[in-house]
Amino acid sequence: MKIASWNVNSLKVRLPHLTQWLADAQPDILALQETKLEDAKFPLDELAAAGYRAVYSGQKTYNGVAILARHQPIDLVTDIPGLADPQRRVLAATIGAPEADPAQALRVVNLYVVNGKAVGDEKYAYKLDWLAKVREFLAGELARHPRLVVMGDFNICPDDRDVYDPVAWGEDILCSPPERAGLKAITDLGLHDSFRLFEPGNGHFSWWDYRQAAFRRNMGLRIDLILIGEALKSVARAAAIDREPRRWERPSDHTPVTLELDI
DNA sequence: ATGGTCGAAGATCGA
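Being a predicted model, the structure only gives us computed values, none of them experimental.

Draft legend 1. Highlighting the overall build of chain A. The helix and strand inventory of chain A stands at seven helices and 14 strands. For a compact globule of 263 residues, the expected C-alpha radius of gyration is about 18 Å, and chain A comes in at 17 Å, within 12% of that figure. Reported as C-alpha extents along the three principal axes, the dimensions of chain A are approximately 50 × 40 × 35 Å. Residue pairs in contact within chain A that sit at least 24 positions apart in sequence constitute 69% of those at least 6 positions apart. As displayed, chain A has an accessible area near 11,600 Å², and 51% of this comes from carbon and sulfur atoms.

Rendered as structure tokens:
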């Protein structure tokens, strides 16, 4: 089984890239962020033609998350306790073959973590509070669903290996110690950064700014993560970042990250 | 050096 996460930065604009990548990569489950699409405008028919069911929690212009899968996702959560938030950033679902043992299903939480704009900004305070509330939600999810995947655009570089120039970037937004502590509090629940189970080195990024020819110069960050619970660690086979769609014409600024599981 | 480039808007804001 292959699972993946991709911030598409407008599903409307990126739909051709999405369908191309689905055909190329053949993921079983894909979490999307920044769909920027009202639910009524979600392209269900186009995705069904590509062989995927989809669930979504969208809004106009900003944010928006979706989960695509070969089997219908069920038991959705779009709003979490203690976080009355109109911004559509959270979508949890259970995915498994209908005929299979329910214990074999995967629980997927798709997150579009708050960007935060700048350290000290009011959006930064919202980010830290949001992370703390989401951590509490994930603790409950993990208790109920050992086969838990938490993936999405985390808008946080886990450590300096995930930054093209950690000295220049310093402790700015996406790398500040409080954000990293917020992410660590989540991984300390027992969730592993799956990419790091396979690749310890630096220079592997999932996002490159549109400006300054950042992609060509590999001036990027690794902020798109697939976290897995302990129960899935032993079946993780390979993790990768697929840079190919970032090379296509009019790309998202993010590229898909993937994880293959022996299940 | 606070620039630059996208997307959704239809002026700027968010990233």
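Draft legend 2. Spatial organisation of the UniProt feature "domain: Endonuclease/exonuclease/phosphatase" (unreviewed entry) in chain A. Taken from the UniProt record, the annotation "domain: Endonuclease/exonuclease/phosphatase" (unreviewed entry) applies to residues 4–254. Helix makes up 27% of residues 4–254 and strand 24%. Its end C-alpha atoms lie 13 Å apart.

Draft legend 3. Structural detail: the protein's contact with DNA strand B. Taken together, the neighbourhood of DNA strand B is formed by 16 residues, with S10, V13, R14, R211 and R250 sitting nearest. Those atoms of DNA strand B that come within 4 Å of the protein belong to sugar or phosphate at a rate of 69%. At 3.2 Å, a side-chain N or O of R250 approaches a phosphate oxygen of DNA strand B. By residue class, the composition of the surface near DNA strand B is four nonpolar, five polar and seven charged.

Draft legend 4. Molecular detail of the layout of surface pockets. Taken as a whole, the largest pocket spans an internal volume of roughly 730 Å³. Lining the largest pocket are 31 residues, with E34, Y112, N115, N155 and D253 sitting closest to its centre.

Draft legend 5. Structural context of the packing of aromatic side chains. According to the stated counting rule, one finds four aromatic pairs in the structure shown. Ring geometry for W6 and W21: centres 5.7 Å apart, planes at 65°, overall edge-to-face. With W6 in strand β1 (residues 2–7) and W21 in helix α1 (residues 11–25), this pair connects stretches of sequence that are 15 residues apart. Accessibility expressed as a relative area gives 1% for W6, which makes it buried. A ring pair is formed by W208 and F215, whose centres lie 4.8 Å apart and whose planes are at 80°; its orientation type is edge-to-face.

Draft legend 6. Here's a closer look at the pattern of salt bridges. Within this structure, the stated rule accounts for 17 salt bridges. Between R107 and E141 there is a salt bridge, and its shortest N-O distance comes to 2.6 Å. A residue pair is termed long-range when its members are at least 10 positions apart, and R107 in strand β7 (residues 106–112) and E141 in helix α3 (residues 122–144) qualify at 34 residues. The residues R107 and E141 share a single accessibility class, namely buried. Between E260 and R237 there is a salt bridge, with the nearest N and O atoms lying 3.0 Å from each other. Of this pair, E260 sits in strand β14 (residues 257–261) while R237 sits in strand β13 (residues 236–241); the two residues are 23 residues apart in sequence, bridging distant segments of the chain. Given the relative accessible area of 27%, E260 is considered partly exposed. Three or more residues joined by partner-sharing salt bridges are found here, namely D162, D193, R196 and R222.

Draft legend 7. The nonpolar core, seen in detail. Counting residues in each nonpolar core, the largest one holds 26 residues, and the members touching the most others are I3, I29, I67, V149, M151, I226 and L259. Breaking this core down by element, the ones donating at least two residues are β2 (29–33), β4 (65–69), β6 (90–95), β7, β8 (148–153), β12 (224–229), β13 and β14. When near neighbours in sequence (up to four residues on either side) are disregarded, M151 contacts I3, A4, S5, I29, A31, V108, V109, N110, L111, L225 and I226. Counting residues in each nonpolar core, the second largest holds 24 residues, with I80, L83, V113 and V150 among its members.

Draft legend 8. Layout of unusual backbone geometry. Of note, the phi angle at N9 is positive, near 50°, even though the residue is not glycine. Relative to the elements of secondary structure, N9 occurs in the loop between β1 and α1. Looking at N9, the relative accessible area reads 13%, which means it is buried. Positioned with a positive phi, R250 is a non-glycine residue whose angle comes to about 55°. Structurally, R250 can be placed in the loop between α7 (244–247) and β14.

Calculation notes
- Residues numbered from 1 in each chain as written.
- Chains lettered and ligands numbered in written order.
- Predicted model: local features only at pLDDT ≥ 70, side-chain atom pairs only at ≥ 80, totals over all residues.
- Heavy atoms only, no water.
- Helix = DSSP H or I, 4+ residues; strand = E, 2+ residues; numbered from the N terminus.
- Rg over C-alpha atoms; globule rule 2.2 N^0.38 Å.
- Contact = heavy atoms within 4.5 Å.
- Areas by Shrake-Rupley, 256 points an atom, 1.4 Å probe, with all protein chains shown as cover.
- UniProt positions renumbered as here; feature names shortened; annotations may be inferred.
- Near = heavy atom within 4 Å.
- Polar contact = N/O pair within 3.5 Å; in protein donor to acceptor, adjacent residues only side chain to side chain.
- Nonpolar A, V, L, I, M, F, W, Y, C, P; charged D, E, K, R; others polar.
- 1 Å grid on protein atoms, 1.4 Å probe; cavity = no way out; pocket = protein on both sides within 12 Å on 5 of 7 lines; lining within 4 Å.
- Points joined across faces, edges and corners; volume = space filled by probe spheres on them.
- Phe/Tyr/Trp six-rings, centres within 6.5 Å; stacked < 30°, edge-to-face > 60°.
- Buried < 20%, exposed > 50% of the residue type's maximum accessible area, 1.4 Å probe, protein only.
- Salt bridge = Lys/Arg side-chain N within 4 Å of Asp/Glu carboxyl O.
- Core = buried A, V, L, I, M, F, W, Y, C linked by side-chain atoms within 4.5 Å.

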